[in-house]
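Listed here are the chains, written in short residue letters.
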Amino acid sequence: TTALFSNNDALADSLLRAGSISFERVWRMPLFEEYKTQLKSEIADLRNQGGRPAGLVTSALFLQEFVGDVPWAHLDIAGTAYISEAKRYHPRFATGIGVRLLTEFLENL
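Residues numbered from 1 in each chain as written. Predicted model: local features only at pLDDT ≥ 70, side-chain atom pairs only at ≥ 80, totals over all residues. Heavy atoms only, no water.

Draft legend 1. Structural detail: the pattern of salt bridges. Inspection of the entire model under this criterion finds four salt bridges. For R28, the salt bridge identified is with D9, shortest N-O distance 2.8 Å. Within this pair, whereas R28 is found in strand β2 (residues 26-28), its partner D9 is found in helix α1 (residues 9-22), the two being separated by 19 residues in sequence. Classification of D9 by relative accessible area gives exposed; the value is 53%. The partner of R100 in a salt bridge is E24, and the shortest N-O contact between them spans 3.2 Å. With R100 in helix α3 (residues 99-107) and E24 in the loop between α1 and β2, the pair connects residues that are 76 residues apart, well separated along the chain. When its relative accessible area of 32% is taken as the criterion, R100 is described as partly exposed. (Salt bridge = Lys/Arg side-chain N within 4 Å of Asp/Glu carboxyl O. Helix = DSSP H or I, 4+ residues; strand = E, 2+ residues; numbered from the N terminus. Buried < 20%, exposed > 50% of the residue type's maximum accessible area, 1.4 Å probe, protein only.)

Here is the structure:
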């Protein structure tokens, strides 16, 4: 399952539906604002990584800093892009994860 972050409920719901249909399922993760403190830096405006605690969340919060009010979504494929043995219809090694998901999503815009 791929982690999904979004600042927009309608966009997130559309991606959740597309993931269910394409069997490239996503799980919506929280964007807890209090984790932004982990992005503070002594030498830069903002660190691009908040460290090990809540790493996925802080990475998404970093991306959010650059989009303003634009609806956005981030699919964190780090854990799902590569597998060591073949699964249902994913080949061994690179999975191509997200292709069917995003195709389904775009076809239903």
